[in-house]
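Read off the chains here:
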Amino acid sequence: MGIIFALVAIYLIISFFSFFIGAGLQDQNLVNNYDVIENAKTPERIANAGAAVGAMASNYLIAGGVGVAAVILILWSIVMAKRLLRGEKTHFFSYTLMCLFSTFTFSMVIGAITYGLDYTFFHLGGTFGYYANKWLLGLVGTYGMIASNIIILVIWGLLCYKTLSLLYHKAKSTVKSHRRFDGEIETNSQDQGESLVDIVERSRPNALHDSHPAEPQQEGGETGGSPFSIKPKRTRKEKPKAPKAEEETPGKAAVMAGIETAGVTNPNDPTGEYIHYRFPTLELLDNRTMRSDRVDIEEQETNKRRITETLGYYGIQIKNIEVHVGPTVTLFEIVPEDGVKVSKIRGLEDDIALSLAALGIRIIAPMPGRGTIGIEVPNRDPQVVPMRQVLGSKTFQETKARLPMCLGCTVTNEVFVADLAKMPHLLVAGATGKGKSVGLNSIITSLLYKKGPSELKFVLVDPKRVEFSVYADLEKYFFAKPEDEDRAIITQTDKVVKTLNCLVQEMEDRYAILEEVRVRSVEDYNSKWRRELRDERDEHGNKKYPYMPYIVAIIDEFSDMMMTAGKEVETPIIRIAQKARAVGIHMIIATQRPSSQVITGLIKSNFPGRVAFAVAGMTDSRIILDASGAQRLIGRGDMLFQVNGETTRLQCPFVDTPEIVRICDFIREQEDNDRNIDHDHCFYLPEYTGDSEAAGGGGMGDASNLKDRDPLFEEAVRFIVQGDVASTSSLQRRYEIGYNRAGRIMDQMEAAGIVGPATGGKPRKVLLTPMDIDNLFSSADFR
């Protein structure tokens, strides 16, 4: 296309130039025949260098059109050719409209200046300029014609000034940036051996990620960011020790919403340990697009008419209906006539759904703070909200939330970001296959795109073993776990209680530190740590006060935890939910079975944030939200978010497993190449030092004392020895007891020499045979 525009420009230049130097007068009689074919048969009669087409185009555009102002069309063709050949955005319609307006403006102005003067065989302003000014002269006189042309010229100048000014400053800044960039390559890469990616990372501003969300963020460029095309895989061949860049393939400069392909660095890392950490880029996510024509006008008008007719059947008149189209549902906001009872409209929910033939509608009567009634109708073609789009939105970039969770788009297509730190705990529930796991992944992804390793740690509980397994590579940067655990992602029920109790101990230790330094929250402590406490040392020369990262504990399949461990799991969760907000520990628990036995009253009262995906019935919806509505959701990420009693309908963003794998690989490569951290170390939770009953494994006692042995001890020993499998979970299933009691019995067996010590996640070794057990129980020493 660029070549075509360039050839058109060259052809017009040749034809117009030939027209001006005399060919136009010679060809005037021929072109008036309006027969290009006949003229083409006798090319020797055509004087114009552009032949028959060039002669007729020149005559119609110049003499019979806009005069010498037709030259602007050549400039337009040159600009289009240049931008297309350079791969720049053409702004075709804007440039075309400006070109046409400029052409007719100068045709009139030149026609007014040369009015009545016969210098050439054609009017310099063209036929349009001549007759337009002739009409103005007869209408408003000479002075009116002059004033009209001046007004038109001023309007043209005002419209063009801002555009030309922006183009000039953009070109000037681009040239300066190229010069500065080239200078850094020549000096720094030769003197210090830096790679191209290192130079770009050091030279560009931090556009998105700021370690201190409460502070105003830097502007990353309103027109798309850096003008350079950066490929992170490029490194200097003569420097094999240069840091390895991520193996992502950006196709262009790829600055989407301020995030570049090389990854935004973390210069404001509070501890300094991860200052070279690079945040994941949007290029790691699939570039899905949302269609703008999700619900056509015909569908909207049909639904509006049917709603009005249905309400009219029951004597309810409507003043006005406004339509807000979302990715999954369309909100019809109605204003009823005065005197209409809201309860009457709310009771017609099923009748309206029948009239619209919809999967299920939801009536919000009244809408909070609006004075209207909302009717949410599912779209015939629900759209997927891409994770890349919501993370690249201005709302997410400029959020000042301490723990921002990008939960999706509202029914008005606005990106919705919630702050987990203010919530401070979240309960997620929904039936199988309705988007619960994708919602948890979107929350984790949002936090990874905003928080560095020094500021955020995860505790992930995954009884299904497959939901969070893709995050296992982030252990060294983003996980917290007990020191004696092999895996950061907890999959076994017997280890959940231990980890939660360790989290309780971390909470208590943090409160002790906050009490010592006399602050009230983790934000105040970290702020004071940056100012005063960073360099304080104890008597051994070690750092006295650590930096406190946020800890987010996410428990999937919470119902399974409650079935197997019951109170032993619920007790530490309640303690954390009640007290941990001030010390930066937050919990997200998810379940697909929202029953009252799983989501107890204590849990509901301490989890003010609720996310409800589609559920089977109204009872489940009331357990989650204390209100109905979730049973009418349509699935595929359609959800209701409630905090502090305010409910919002959202479409959860979609992030696929391959995208998560790319993000984890991007971070894992930094872990492998980062020599500033200990690769055998992650954030260790302290060992629980509370009472033995709550710890889950205490109460071992003296096995030789009858008073310290469990009543089930002898029977359990025989069961373990006969089955030759010694595990706490087998005792739980066999005798239907909790983890604490089963662990205490197992420890008593170990003290008595019946089983061996614990070996991680494997069953203990049985040391005695059934015959040895009979002899042991019959001995007087054992009794």
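Note that the coordinates shown come from a computational prediction; the quantities given were computed from them, not determined experimentally. (Residues numbered from 1 in each chain as written. Predicted model: local features only at pLDDT ≥ 70, side-chain atom pairs only at ≥ 80, totals over all residues. Heavy atoms only, no water.)

The next thing to look at is the overall build of the protein chain. In terms of regular secondary structure, the protein chain is built from 27 helices and 15 strands. Classification of the 783 residues of the protein chain by burial places 50% in the buried group. Here the contacts in the protein chain between residues at least 6 apart in sequence split such that 66% fall between residues at least 24 apart. Taken as a whole, the protein chain presents about 38300 Å² of accessible surface, with 54% of it coming from carbon and sulfur. (Helix = DSSP H or I, 4+ residues; strand = E, 2+ residues; numbered from the N terminus. Buried < 20%, exposed > 50% of the residue type's maximum accessible area, 1.4 Å probe, protein only. Contact = heavy atoms within 4.5 Å. Areas by Shrake-Rupley, 256 points an atom, 1.4 Å probe, with all protein chains shown as cover.)

A few words now on the nonpolar core. Counting 106 residues, the largest nonpolar core has Leu-426, Phe-458, Tyr-525, Phe-558 and Ile-588 as its most contacted members. Considering every element that reaches this core, the biggest residue donor is helix α16 (residues 493-517), with 10 residues. Once residues within four sequence positions are removed from consideration, Phe-458 is found in contact with Ile-444, Leu-447, Leu-448, Phe-478, Phe-479, Ala-480, Val-552 and Ile-554. (Core = buried A, V, L, I, M, F, W, Y, C linked by side-chain atoms within 4.5 Å.)

In this sheet, strand β2 (residues 329-336) lies alongside strand β1 (residues 318-325) in antiparallel orientation, the contact comprising seven bridges. Opposite Asn-320, over in β2, you have Val-335 as the bridge partner. The turn linking β1 back onto β2 is made up of three residues. (Pairing = 2+ DSSP bridges.)

The next subject is the pattern of salt bridges. Following the criterion strictly, the structure yields 34 salt bridges and no others. Lys-304 is the salt-bridge partner of Glu-301, the closest N and O atoms lying 3.8 Å from each other. Of the two residues, Glu-301 and Lys-304 are both situated in helix α9 (residues 297-313); the distance of three residues between them amounts to about one turn of the helix. Under the relative-accessibility criterion, Glu-301 is labelled partly exposed at 42%. Glu-467 serves as the salt-bridge partner of Lys-464, at 3.1 Å between the closest nitrogen and oxygen. (Salt bridge = Lys/Arg side-chain N within 4 Å of Asp/Glu carboxyl O.)

Take the packing of aromatic side chains next. Per the counting criterion, the structure on display carries 17 aromatic pairs. Note on Phe-5 and Trp-76: the rings are 5.5 Å apart at their centroids and 80 degrees apart in plane angle, and the pair reads as edge-to-face. Residue Phe-5 is found in helix α1 (residues 2-26), and its partner Trp-76 is found in helix α5 (residues 71-85); the two are separated by 71 residues along the sequence. Look at Phe-5 and you get buried, because its relative accessible area is 13%. Ring centres of Phe-92 and Phe-93 lie 5.5 Å apart, and the angle between their planes is 85 degrees; this geometry places the pair in the edge-to-face category. The exposure class of Phe-93 is exposed, given its relative accessible area of 66%. (Phe/Tyr/Trp six-rings, centres within 6.5 Å; stacked < 30°, edge-to-face > 60°.)

When pLDDT is averaged across the protein chain, the result is 78; 78% of the residues are at 70 or more. Per-element averaging of pLDDT across the protein chain places helix α8 (residues 196-203) at the bottom with 39 and strand β10 (residues 550-555) at the top with 95. Per-residue pLDDT stays below 50 along residues 180-261; that stretch engages in 146 contacts with residues further than four places along the chain or on separate chains. Per-residue pLDDT stays below 50 along residues 691-707; that stretch engages in 32 contacts with residues further than four places along the chain or on separate chains. (pLDDT = per-residue confidence, 0-100.)

On to the sheet that holds β2. Strand order in the open sheet made by the four strands is β1-β2-β4-β3, with antiparallel pairing throughout. With one partner strand each, in any of the chains shown, β1 and β3 (362-364) form the two edges of the open sheet. The mean inter-strand angle of the sheet, taken between neighbouring strand axes irrespective of direction, is 20 degrees. Across three bridges, the pairing between β3 and strand β4 (residues 373-378) is antiparallel. For Ile-364, the partnering residue across the bridge sits in β4 and is Gly-374. Sitting on the sheet, α9 touches β1, β2 and β4, and the angle it makes with β1 is about 145 degrees. (Axes fitted to C-alpha atoms, helices over the stretch in contact; angles between N-to-C directions.)

In a regular helix each residue adds 1.5 Å, so 17 residues correspond to 24 Å; α9 covers 24 Å between its end C-alpha atoms and thus fits that length. Every buried residue belonging to α9 is among Glu-299, Gln-300, Thr-302, Asn-303, Ile-307, Thr-310 and Leu-311, and all of these are buried. Along the long axis of α9, the arc covered by the buried residues comes to 165 degrees, so they all point the same way. Residues of α9 that are exposed and angled more than 90 degrees away from the buried face: Ile-297, Glu-298 and Tyr-313. (Expected span 1.5 Å × (residues − 1). Arc of directions from axis to C-beta.)

Attention shifts here to unusual backbone geometry. Across the junction of Ala-365 and Pro-366, the peptide omega takes the value -10 degrees, indicating a cis bond. Mapped onto the fold, Pro-366 is located in the loop between β3 and β4. Between Met-423 and the following residue, Pro-424, the backbone shows a cis peptide bond with an omega angle of 0 degrees. Residues other than glycine seldom take positive phi values, yet Arg-636 does so here, at roughly 55 degrees. Here Arg-636 lies in the loop between α21 (618-625) and β13 (638-643). The phi torsion at Asp-724 lies on the positive side, around 55 degrees, for a residue other than glycine. Its place among the elements puts Asp-724 in the loop between α24 (713-723) and α25 (728-735).

A cluster of nonpolar side chains, namely Ile-13, Phe-17, Phe-20, Ile-21, Val-71, Leu-75 and Ile-78, defines an oily patch on the protein surface of about 660 Å² accessible area. Elements that contribute at least two residues to the nonpolar patch include exactly α1 and α5. Of the residues forming the nonpolar patch, the biggest block, four residues, is contributed by α1. Residue placement: Val-71 occurs in helix α5. With a relative accessible area of 36%, Val-71 lands in the partly exposed category. (Patch = residues over 30% accessible without salt bridge, like charges linked within 9 Å, V, L, I, M, F, W, Y side chains within 5 Å.)

With that out of the way, let us pick up the packing of α24 against α25. Axis separation between α24 and α25 bottoms out at 11 Å; the angle between their running directions is 120 degrees. At the point where α24 passes α25, the crossing takes the right-handed sense. Touching Glu-715, Ala-716, Phe-719 and Ile-720 of α24 are Ser-730, Leu-731, Arg-734 and Tyr-735, all from α25. Considered class by class, the residues forming the contact of α24 with α25 number five nonpolar, one polar and two charged. (Left-handed = near helix turned anticlockwise from the far one by under 90°. Nonpolar A, V, L, I, M, F, W, Y, C, P; charged D, E, K, R; others polar.)

Across the sheet, which stays open at both edges, the nine strands sit in the order β6-β5-β14-β13-β12-β7-β11-β10-β8 with mixed pairing between neighbours. With partners counted over all chains shown, the strands left at the sheet margins are β6 (415-419) and β8 (456-461), one partner each. Ignoring strand direction, the axes of neighbouring strands in this sheet form an average angle of 25 degrees. Strand contacts of α21: β7 (426-429), β12 (609-613) and β13, with the helix running at about 160 degrees to β12, the strand carrying the most contacts.

Here the focus is the pairing of β8. When you tally the buried positions in β8, you get six out of six residues, the bulk of the element. Every second residue of β8 is oriented toward a common face, with Leu-456, Phe-458 and Leu-460 on one face and Lys-457, Val-459 and Val-461 on the other, all of them buried. Pairing of β8 with β10, which is carried by six bridges, proceeds in the parallel orientation. Residue Leu-460 lies in a different strand from β10, and its bridge partner there is Ile-554.

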